[in-house]
Amino acid sequence: MIKDNVRLIEILLVEDNPGDVFLTKKAFERAKVANHLRVATDGEMALNILRGENGCPPAEIVDIVLLDINLPKLDGKQVLEAMKQDPALRHIPVVVLSSSKAEKDVLQSYDLQASGYVIKPLDFDQFVDVVAAIEEFWFSIVALPSRVA
Amino acid sequence: MFLRPQGPVDLRGVMTGSPDPGAPSAGNRLFEEAQSLAKEHDRILHAGRLHWFHWSIIGASLVLTIVAWYLVQTQVDERVGNQFDQEARQVVELVSERMRKYEDALWGGLAAIHAQGDEIDHREWKRFSETLKIEKKYPGINGIGVIYHLKPGEVAAFLAKQRIERPGFSIFPSHGHNEFFPITYTEPVDVNEAAIGLDMAHETNRYTAARKARDTGETQATGPITLVQDAGGTPGFQLYVPFYSDGPHETVEARRRNFIGIVYGAFIFKNLMHGTLDSDRRNVGIRITDGDDVLYNENYAEAMNRYGRPRFAKTISIREFGRTWDFEILSKESFDNISSNQLPWLILIGGGIIDALLLALFIFLARSNRQAVEFADKMNEQFQARTIRLSAIIENARSGLITMDEDGLIESINPACERIFGYTAAEAIGRNIRLFIPAPYGDDPDQNQGFAVRAEGRTKSGETILLELAFSEIPVAGGRLLSAIVRDITEQDKAETEIIRKNLELERFAYVASHDLQEPLRMVSSFTELLQAEYGDSLDDQARQYMEWTVQSSRRMQNLIADLLEYSMASSDEGGFSDFDSGEQIAAVLDNLGNAMKESGAKIKVGNLPVIYVNPLRFGRLLQNLVGNAIKYRAHDRVPEITINAQEGDREWVFSVCDNGLGIRPEYFDQIFVIFKRLHNKEEYSGTGIGLSICRKIVENFGGRIWVESEPDRGSKFFFSVPKRQKDRDAA
């Protein structure tokens, strides 16, 4: 376990619902590990940010992508697919954050090489707990490829 | 007695709709067979009557019998007749013979007189008669005696002579003739004493006979007379044998000149016949007449039978000694009885019996024949009724029924087929099944026997339709017959497809709705909670209360939506069906419920659970709900005990989840499976009431049923059935 506390964890949240964005941000504010949350409100924007295309300055580092499935324009699955097929991006862990419990969505996400699938709880407190857990696992325990290099 | 023939079954209408005589089809063959059957039927029926040859046989037999009877009867009659004849003749002969014997006796007397030199006295005559032993040797002769002829001038001297020995002698009675023929001697004298001296000339018959004897020189018999010796006055007669002195007596004059007297015998007919005939002649009646006078009459009246005529009668006339005696012999009934012979009647009766038997035999045979035909007809009727019924079923069936040979050549189609494919029976017969049902099924119906499959069909107008099709073999004698049962399921298929589509749509709708509903709801509840958390302090109690209710309601709504989502997905088959060990699945479920189990201290017992063929995820969900309920609705005063079992049936497995919890009142047994129906309010027990309706949906989806048995406060037993696969069913 290599703990590099110098740099903030760069999180890319792909979520179109501003309410959800707010909540997620709020949840991550309480995180133990320092992090910086960037938001893409649709799939296209997400890819633009990741690749530094279309006028978006490339994200220098994205440690982890939190991806919602239901997005306008390019939906979450397509983003996932695109990312995993892009040699420059495929190493980035993508955790699908979705309110959908449908097995179809879950299986398909893993099929498309998502690193994890988290079902957003309906209860906010629970949501906070979930975020804490994500943070615990992905930021503290796991060695992120972007931070090893 | 005679049967009206029913006629054979008309098979034409049964198999083929409208037979075409030209078509070389099974229909025509059947038709010809039916015709020949009809002919045979009539022939046998015809044989069931009695015909001319039967009657002629019987008639001939009868005739023979009658002829035989008649012949025998005639023979018998003849024989009897002959017998009678013989007897009659015998009677007459006997009498004649006797008469001759008596005549001989008289001639003996004559000889005796001549031996005495023509002079004989009564003593000598007595000696003669005793020597003769009349009573013994000549029974029937009443008396034998001598009559002397006297001219008037000789009378006095004669009298004097006679009175020497017999003082009482006199000639009587007086008469007007001038010659006298007195009985001079007669023996035996004791019975004939009254006759001594009786003058033959006094009575016509005697006188005539005496003179005749004298004139002819031959024995003469008198006509019927009554002897004076006969107290009864019964008919009698006398025999006169004339005797003469020496000298010629060839002529009448000579005879008259030399006539001396007569040796006579007196007879009473009664005695004569009695002596002559034995008692065994009592079988005939005899009447002897001389002219109009009845000389003798024995059993004559009795011989007349009830018809006034005797069976046999014979009249024999004999001429004896100048008299003609008519013997009328009649057979008495006793004669008939003796001489009657049973034989002709036996023959008649026997023959009649044989004839009757013969007739009976013919009738019996004819009747057997007829009965057989009647029976056949009755069977026929039954068969016909059944066939008509069967054909009605076939004709009226909604499913198409096609019969064909093993190469697929169509033999018949029923009206439903005509409707389905648009061909008439006449058009279809003889064509190959491929016409209706293209490859692959139509190509080889023999190989494709079995359960119904979905196959394409082709109508006359070229339209393709969807059929439910099943081929099978019909066992018939002589050849193989295949059948196809088809149902046009085009519409049904469309409808099914439509339904499936609609269902899918509905589910998709429910899914999407719930899914998309969740998001805003999440927002509502999250932000309200945040409000509570961050601004709660600066708000008053009322505001806090408002928020509390808001949060609760949105939570509740979230639960409802989540459950609805689950409900809508409960019949999806994602993951599909597979064979899996339900026991393992249950283990996984119990794992999921681990917390709840620990909390409640529930004891779970699991029996032997089979491998089943369903959607594993759904099955898991089902069990989770059931066991979860069992834990949730436990009784608080005891440790919850839950048992999970499975029972094997012929066609299905029946699982059971039994608990010792709160139990359910019987009136709610059905309602609990209704979506959102709860039996407790939400303060007591959490839950939206969707669990059991999800269970039901899942169970019904794999073709089973779910139900409950329960006793309030004792516990509940939930049962659900899982159908076996076909192969498992067959194996069982």
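Structure shown above.
These figures come from a predicted structure and were not determined experimentally.

A. Representation of the environment of Leu50(A) within the structure. All names here are of chain A. Mapped onto the secondary structure, Leu 50 falls in helix α2 (residues 43-51). The exposure class assigned to Leu 50 is buried, which follows from its relative accessible area of 9%. When the C-alpha positions of Leu 50 and Ala 88 are compared, they lie 9.3 Å apart, and in sequence the two are 38 residues distant. Leu 50 has contacts with Leu 12, Val 62, Val 65, Met 83, Leu 89 and Ile 92, leaving out every residue within four places of it along the chain.

B. Examining the side chain of Asp215(B) more closely. Residues and elements named next belong to chain B. Tracing the backbone shows Asp 215 in helix α8 (residues 204-216). Among the residues examined, Asp 215 registers a relative accessible area of 16% and is labelled buried. Setting aside anything within four residues of it in sequence, one finds Asp 215 in contact with Val 252, Arg 255 and Arg 256.

C. Here's a closer look at the pairing of strand β18 (residues 611-614) of chain B. Residues and elements named next belong to chain B. Only one face of β18 is covered, namely the one carrying Ile 612 and Val 614; the face carrying Val 611 and Tyr 613 has none of its residues buried. Judged from the 4 bridges that link them, strand β16 (residues 578-581) and β18 form a sheet pairing that is antiparallel. Residue pairing across strands places Asp 579 opposite Tyr 613, the latter belonging to β18.

D. Fine view of a nonpolar patch on the surface. All names here are of chain B. Taken together, the side chains of Val 63, Val 67, Tyr 70 and Leu 71 present a nonpolar region at the surface, about 400 Å² in accessible area. Mapped onto the fold, Tyr 70 is located in helix α3 (residues 52-115). Note on Tyr 70: relative accessible area 53%, which makes it exposed.

E. View of the packing of helix α18 (residues 582-592) of chain B against helix α20 (residues 616-632) of chain B. Residue and element names in this part refer to chain B. It is the contact of α18 with α20, at a shortest axis distance of 9 Å, that shows an interaxial angle of 50 degrees. When the axes of α18 and α20 are compared, the pair comes out oblique. As for the relative orientation of α18 and α20, their crossing is right-handed in sense. Residues Ser 582, Gln 585, Ile 586, Val 589, Leu 590 and Asn 592 of α18 form the contact with α20, whose own contacting residues are Pro 616, Leu 617, Phe 619, Gly 620, Leu 623, Gln 624 and Val 627.

F. Seen up close, the sheet that holds strand β19 (residues 641-648) of chain B. Residue and element names in this part refer to chain B. One open sheet accounts for 5 strands, arranged β17-β19-β20-β22-β21; its pairing is mixed. On the outer flanks of this sheet lie β17 (603-606) and β21 (706-711), each paired with one strand and no other. Within the sheet, the average angular offset between the axes of one strand and its neighbour, ignoring direction, is 15 degrees. Pairing of β17 with β19, which is carried by 4 bridges, proceeds in the parallel orientation. Across the sheet, residue Val 606 finds its bridge partner in β19, namely Ile 644.

G. Structural context of unusual backbone geometry. In this structure, Pro173(B) follows Phe172(B) across a cis peptide bond, with omega equal to -20 degrees. As for its position among the elements, Pro173(B) is in the loop between α6 (155-165) and β2 (183-187). Omega for the peptide link from Glu187(B) to Pro188(B) comes to -10 degrees, which places this bond in the cis form. Here Pro188(B) lies in the loop between β2 and α7 (189-192). Positive phi outside glycine occurs at Gln113(A), with the angle close to 75 degrees.

Reading guide: rules and limits
Residues numbered from 1 in each chain as written. Chains lettered and ligands numbered in written order. Predicted model: local features only at pLDDT ≥ 70, side-chain atom pairs only at ≥ 80, totals over all residues. Heavy atoms only, no water. Helix = DSSP H or I, 4+ residues; strand = E, 2+ residues; numbered from the N terminus. Buried < 20%, exposed > 50% of the residue type's maximum accessible area, 1.4 Å probe, protein only. Contact = heavy atoms within 4.5 Å. Pairing = 2+ DSSP bridges. Patch = residues over 30% accessible without salt bridge, like charges linked within 9 Å, V, L, I, M, F, W, Y side chains within 5 Å. Areas by Shrake-Rupley, 256 points an atom, 1.4 Å probe, with all protein chains shown as cover. Salt bridge = Lys/Arg side-chain N within 4 Å of Asp/Glu carboxyl O. Axes fitted to C-alpha atoms, helices over the stretch in contact; angles between N-to-C directions. Parallel < 35°, antiparallel > 145°, perpendicular 65-115°, else oblique. Left-handed = near helix turned anticlockwise from the far one by under 90°.

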